Amino acid sequence: MTDNTSTPSDEAAQNATLQKAVIVGMQPGQPVRVIEEAARFARLLRVPLVVAHVDVTRFVTYEDPDGYVHSAPIDINFDAGTAEFEAVQVEASAALDGTGLTWTARQLVGDPALAIKALANKLDAQLIVVGTRKRGIGESIREFFTGSVAARLAHRQHRSVLVVPLQDPVPDTQPEIWTE
């Protein structure tokens, strides 16, 4: 089941059915292992799964008292986040359809750690699942300035965070993790 919530009352009603869910942060092209691990825990806990994609090209302008978030674009390219969210929905559907698991997709905006934390608070989520970042100099620079989403989630809220490796493990004999 997927859904693209568009009104405050729809979102509030859906939030009521998603209480205690497992949340998985997802990006287009992310290895399927991350969503499979999240689905496994959602089944074990007998709760729904919420696939969350954060559009970092938009920012929160204000939030209504009922929790509905209004946002504005940072850039005039309005379609970037929409295309990514559509790709995430297609990938999630491919991984989850036929599993019997109740799931939905949510488009969030702004800082990934803060957006996922806010969603987890709204849903009183039991677990947050994220993937590790890719190794490489570009990702190292990005993390230097923005920080690890997993680490920021682990230090800024009380829920457990499961971090799923995206690549093969670095051998113990390799002194540097990011050699590229």
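The coordinates are above.
Right, let's walk through the structure included here. (Residues numbered from 1 in each chain as written. Predicted model: local features only at pLDDT ≥ 70, side-chain atom pairs only at ≥ 80, totals over all residues. Heavy atoms only, no water.)

What about the overall build of the protein?
Secondary structure summary: the protein contains six helices and seven strands in total. Along the protein, from the amino end to the carboxyl end, the secondary structure elements read α-β-α-β-β-β-α-β-α-β-α-α-β. Counting over 180 residues, the protein shows a buried share of 36%. Relative to all contacts within the protein whose residues are 6 or more apart in sequence, the contacts with residues 24 or more apart total 74%. Of the roughly 10100 Å² of accessible surface on the protein, 55% is carried by carbon and sulfur atoms. (Helix = DSSP H or I, 4+ residues; strand = E, 2+ residues; numbered from the N terminus. Buried < 20%, exposed > 50% of the residue type's maximum accessible area, 1.4 Å probe, protein only. Contact = heavy atoms within 4.5 Å. Areas by Shrake-Rupley, 256 points an atom, 1.4 Å probe, with all protein chains shown as cover.)

Here's the deal with the nonpolar core
One finds Val22, Val24, Ile35, Leu49, Val51, Leu96 and Val129 to be the most contacted residues of the largest nonpolar core, which totals 22 residues. Secondary-structure elements contributing two or more residues to this core are strand E1 (22-25), helix H2 (32-45), strand E2 (49-55), helix H3 (79-96), strand E5 (103-109) and strand E6 (127-131). The dominant element in this core, judged by the number of residues it contributes, is H2, at five residues. Leu18, Ala52, Val54 and Leu119 belong to the second-largest nonpolar core, a separate cluster that totals 18 residues. (Core = buried A, V, L, I, M, F, W, Y, C linked by side-chain atoms within 4.5 Å.)

With respect to the sheet that holds strand E7 (residues 160-164)
Overall, parallel pairing links the five strands, which are arranged E5-E2-E1-E6-E7 in an open sheet. Only two strands of the sheet have a single partner each, and these edge strands are E5 and E7. Put simply, the sheet's adjacent strands are angled 25° from each other on average, direction ignored. Bridging between E2 and E5 involves seven bridges; their strand directions are parallel. Note on E5: the bridge partner recorded for Ala52 is Arg106. Its contacts with the sheet put helix H4 (residues 112-123) on E1, E2, E5 and E6, and the angle it makes with E2 is roughly 150°. (Pairing = 2+ DSSP bridges. Axes fitted to C-alpha atoms, helices over the stretch in contact; angles between N-to-C directions.)

Section: H4
Over its twelve residues, H4 extends 17 Å from the first C-alpha to the last, a length consistent with the 16 Å expected when each residue adds 1.5 Å. Restricting attention to buried positions, one finds in H4 the residues Ala113, Ala115, Ile116, Leu119, Ala120 and Leu123. End-on, the buried residues of H4 take up no more than an arc of 165°, which puts them together on one face. For H4, the N-terminal cap is Asp111; the gap from its side-chain oxygen to the backbone nitrogen of Ala113 is 3.1 Å. At the C-terminal side of H4, Asp124 shows a positive phi close to 50°. (Expected span 1.5 Å × (residues − 1). Arc of directions from axis to C-beta. Polar contact = N/O pair within 3.5 Å; in protein donor to acceptor, adjacent residues only side chain to side chain.)

Some points on the environment of Ala94
Mapped onto the fold, Ala94 is located in helix H3. For the pair Ala94 and Val32, spaced 62 residues apart in sequence, the C-alpha separation works out to 9.5 Å.

Remarks on the pairing of E2
The buried fraction of E2 is high, at seven of seven residues. Across the two faces of E2 the burial is the same, with Leu49, Val51, His53 and Asp55 and Val50, Ala52 and Val54 all buried. Both E1 and E2 contribute to a ladder of four bridges, which runs parallel. Paired with Gly25 across the two strands is Ala52, which belongs to E2.

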